[in-house]
Every structure is written in structure tokens, then in C-alpha cells.
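Here is how the chains run, residue by residue.
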Amino acid sequence: MRSEIPRQPRSGCLIYDSHCRLCVAVKRTLEQRSAHIQFVPYESRKAAESLGKSYQTDRQPPMAYWVDEQGAVVGGLEAFLPFLHGLTGRKIFMFFWRFRSCRQIMMALYEFVAKHRYRWFGTTEKSR
């Protein structure tokens with residue numbers, strides 16, 4: 001678990017669930033702000049290569065993944081840390097992120113939403 005916020009990335013890719021409406025909406029928003037970042041659907045060959053042994057073809061992805069310039073992979077809420085630099089609530093988030101207990105709560109909340117995302121937000125037209 002990282003306690004520092006990474007710098008704004010020059011390159012890398014975000015692996016997302018292209019069947020989840022919430023995930024696709026977040027991806028579209030981030031795409032508008034980060035033209036130099038590649039957005040890769042989880043079910044693609046590139047995602048399987050990037051994630052290696054973590055990739056599972058038999059189920060929906062448990063979270064989003066960030067693959068940086070060196071090929072290091074982080075998942076969950078930490079996958080979105082490189083995108084904070086362009087967001088309005090960045091300073092508030094960064095303040096609370098410094099505290100271990102707050103980080104744990106935020107990560108648990110992310111996991112809770114990720115677990116229930118299909119039930120709450122539905123699937124994309126593409127996956128039907």
C-alpha cells in the first residue's frame with residue numbers, strides 16, 4: 001500500500017472492466033484528461049500479458065489495474081492515484097491518504113463498490 005501519491009504519468013495503461021457501466025464512465029472521464037494514457041479492456045490480450053499470473057479468464061475482473069512505464073502493476077484504488085493530479089478534490093483526498101487508517105477505509109470502500117458494481121450500475125450494451 002503506497003502512502004505517497006505518484007507523479008502524473010507520462011505513459012502507462014489503465015486496465016478496466018469494459019462490461020461495467022461505472023468502469024466505462026470513469027474511463028471516458030479519465031480519457032478526456034489523459035490523452036497520453038492507454039486504456040485497455042480487461043478481456044484483451046494486452047491486459048492478459050500485462051497482468052501475467054494475476055489475469056483470470058474465468059471471471060469478471062475484481063478491480064482496475066494500473067501498469068506504469070516500467071511494467072509495475074498496482075490494482076484497486078491505487079490504480080487511480082496517477083490520475084489525481086487533474087481532479088478537483090485532489091488536495092482533500094491527498095490529506096486523508098496520508099493517514100494509514102483513512103487509506104484502509106478508502107480502499108475497503110473501493111473494494112465494496114467494485115464487488116457490487118454490476119448490481120448497482122449495470123452492464124454496458126456491449127456485454128449484453
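Predicted, not measured: the structure shown is a model, and the values here were computed from it. (Residues numbered from 1 in each chain as written. Predicted model: local features only at pLDDT ≥ 70, side-chain atom pairs only at ≥ 80, totals over all residues. Heavy atoms only, no water.)

Considering the confidence of the model for the chain
For any part of a model where pLDDT is low, the fine detail of the predicted coordinates should not be relied upon. For clarity, the threshold we go by: Values of pLDDT, which run from 0 to 100, indicate the predictor's confidence residue by residue. Elements are defined by DSSP. Helices are runs of H or I of four residues or more, strands are runs of E of two residues or more, and each kind is numbered from the N terminus.
Overall, the prediction assigns the chain a mean pLDDT of 85, with 89% of residues at 70 or greater. Within the chain, no element has a lower average pLDDT than helix 3 (residues 90–97), which sits at 88, and none a higher one than helix 4 (residues 100–121), at 94.

Regarding the packing of aromatic side chains
The condition that has to hold: Ring geometry is summarised as follows: Phe, Tyr and Trp rings, the Trp one being its six-membered ring, pair when their centres sit within 6.5 Å, and such pairs are stacked at plane angles under 30 degrees, edge-to-face over 60 and tilted between the two. Burial here depends on accessible area, computed with a 1.4 Å probe over protein chains only, as a share of the maximum for the residue type. Under 20% is buried, over 50% is exposed, and the range in between is partly exposed. By definition, being over a ring means that NZ of Lys or CZ of Arg is both within 6 Å of the ring centre and within 35 degrees of the ring normal.
Per the counting criterion, the structure on display carries nine aromatic pairs. For the pair Y42 and Y65, a centre-to-centre distance of 6.4 Å together with 25° between the ring planes defines the contact as stacked. Here Y42 is found in the loop between strand 2 (38–41) and helix 2 (45–51), whereas its partner Y65 is found in strand 3 (residues 65–67), with 23 residues between them in sequence. On the basis of relative accessibility, which here comes to 4%, the residue Y42 falls in the buried class. Ring centres of W66 and F83 lie 5.5 Å apart, and the angle between their planes is 85°; on these two criteria the pair is classed as edge-to-face. Of this pair, W66 sits in strand 3 while F83 sits in the loop between strand 4 (73–75) and helix 3, and the two are 17 residues apart along the sequence. You can call W66 buried: its relative accessible area is 3%. An aromatic cluster is built from F39, W66 and F83, whose rings are joined through pairwise contacts. Its guanidinium or amino end placed over the ring of W97, R103 lies 6.0 Å from that ring's centre, counting from NZ or CZ.

Examining the sheet that holds strand 4
What counts here: By definition, two strands form a pair when at least two bridges between them are found by DSSP. Only C-alpha atoms enter the line fits that serve as axes; for helices the fit covers just the stretch in contact. Angles between N-to-C directions range over 0 to 180 degrees.
Strand order in this open sheet of four strands is 2-1-3-4, and the pairing throughout is mixed. Two strands bound the open sheet, and with one partner strand each, they are strand 2 and strand 4. Neighbour-to-neighbour, the strand axes of the sheet open up by a mean angle of 25°, direction not taken into account. Pairing of strand 1 (residues 13–16) with strand 2, which is carried by four bridges, proceeds in the parallel orientation. Looking at strand 2, one finds that I15 is bridged to V40.

A few points about the pattern of salt bridges
So the rule is basically this: The salt bridge criterion pairs a side-chain nitrogen of Lys or Arg with a carboxyl oxygen of Asp or Glu, the two atoms within 4 Å.
Under the criterion given, the structure shown has two salt bridges. Residues D17 and R117 are paired through a salt bridge, measuring 2.9 Å at the closest nitrogen-oxygen approach. Here R117 lies in helix 4 and D17 lies in the loop between strand 1 and helix 1 (21–33), a separation of 100 residues in the sequence. Classification of D17 as buried rests on a relative accessible area of 3%. On the basis of relative accessibility, which here comes to 4%, the residue R117 falls in the buried class. Close ionic contact of E31 with K27 constitutes a salt bridge, the shortest N to O distance being 3.2 Å. Of this pair, E31 and K27 both sit in helix 1, four residues apart, which is roughly one turn of the helix. Here E31 falls in the partly exposed class, since its relative accessible area comes to 34%.

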